[in-house]
Amino acid sequence: MDASFLPLRFHQHLLPELTFSRIGDWRKQIIKNRLPRKLKIQIEKYQKSGQRFLLFVPKVSDLKNTLETIESFSEIKGLSVHAADPERKSKVQQMRDRKIQFLVTTTILERGVTFPGIDVIILGADNQIFSVNAIVQIAGRVGRNKDRPSGLVLALIEEKTQVLIRASRQIRFMNEKGLKQLNNVQ
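(A) Fine view of the environment of Val57. By secondary structure assignment, the location of Val57 is in the loop between strand E2 (53-56) and helix H3 (60-73). C-alpha separation for the pair Val57 and Ile121, spaced 64 residues apart in sequence, amounts to 8.8 Å. In this structure Val57 touches Asp62, Leu63, Thr66, Val104, Thr105, Thr106, Leu123 and Phe130, once residues within four positions along its chain are discounted.

Set out below in C-alpha cells:
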C-alpha cells in the first residue's frame, strides 16, 4: 500500500510541537477555585499580551468550573463550548470575530475550525479522552496563519503517558519530513 505525506502546512511551515508541564491534580485545584500555578502564569501572560487561545479540557463537566475559576482572577473575556451546547455556533463566531479572547472547550474544536494566530492549552492532556490523533489535531489548531505560523501548544499533565509520547513523536516525524521537503525546494 502506498502512503502519501503532507508534512507541510498550507503556508509551508511546520506543525508546532508539544510543550509539557506537570501540574498535579488540577481538578482538585479548580474545584477550590484555584488554577494550577503554571496555568495561572500562562493566562496572566495572555492577559497582558492579548494573545488569543483555546483551552481544551477532557470533560463537559470540567468546562464551567474552569471558566469560572479563570474569570475569578482575570479580566479577559472567554466562554465555554461543547458539542451539545445550543449556543455553540454563536460562541465560535464570537471567537472568530475577536469579541472574546478564549474558549474553554472539549474536543469538539479539535478539528474543522480555524482561528488564525491562536495558542492552545490542553488541561489534563494525559486524560484517556485525548487520543494520539486528538492531540495531533489539537496541536494543528495553532499556527494556522502565515503571519503567525507557530505558537504554543501547552500540555498540562499529571504524568506523561504513552499517548502523549506517541503524539509528540508523530508531530516530530512529520516536521522532519517537512524540513526535508523544504530543503529539497531550496
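(B) Summary view of the sheet that holds strand E4 (residues 102-105). One open sheet holds the six strands; their spatial order is E1-E6-E5-E2-E4-E3, and the pairing between them is parallel. Each edge of the open sheet is held by one strand with a lone partner, namely strand E1 (18-22) and strand E3 (78-81). Across the sheet, the mean angle from the axis of one strand to that of its neighbour is 20 degrees, orientation sign disregarded. Of the pairings in the sheet, the one linking E2 to strand E5 (residues 119-123) comprises four bridges and is parallel in character.

(C) Expanded view of the nonpolar core. The biggest cluster of nonpolar side chains holds 30 residues, and the ones touching the most others in it are Leu54, Leu103, Leu109, Phe115 and Ile122. Only E2, E3, helix H4 (88-96), E5, helix H5 (132-139), strand E6 (153-157) and helix H6 (162-185) provide two or more residues apiece to this core. Examining the composition of this core, we find that five residues originate from one element, H5, more than from any other. If near-sequence neighbours (up to four positions away) are discounted, Leu54 is found in contact with Met95, Leu103, Leu109, Phe115, Ile118, Asp119, Val120, Ile121 and Arg141. Counting residues in each nonpolar core, the second largest holds 21 residues, with Ile30, Leu39, Ile43 and Val57 among its members.

(D) Just the environment of Thr161, in detail. With respect to the helices and strands, the residue Thr161 is situated in the loop between E6 and H6. The class of Thr161 is buried, set by a relative accessible area of 18%. Through-space distance from the C-alpha of Thr161 to that of Gln128 is 9.2 Å; in sequence the pair is 33 residues apart.

Criteria and cut-off values
Residues numbered from 1 in each chain as written. Predicted model: local features only at pLDDT ≥ 70, side-chain atom pairs only at ≥ 80, totals over all residues. Heavy atoms only, no water. Helix = DSSP H or I, 4+ residues; strand = E, 2+ residues; numbered from the N terminus. Contact = heavy atoms within 4.5 Å. Pairing = 2+ DSSP bridges. Axes fitted to C-alpha atoms, helices over the stretch in contact; angles between N-to-C directions. Core = buried A, V, L, I, M, F, W, Y, C linked by side-chain atoms within 4.5 Å. Buried < 20%, exposed > 50% of the residue type's maximum accessible area, 1.4 Å probe, protein only.

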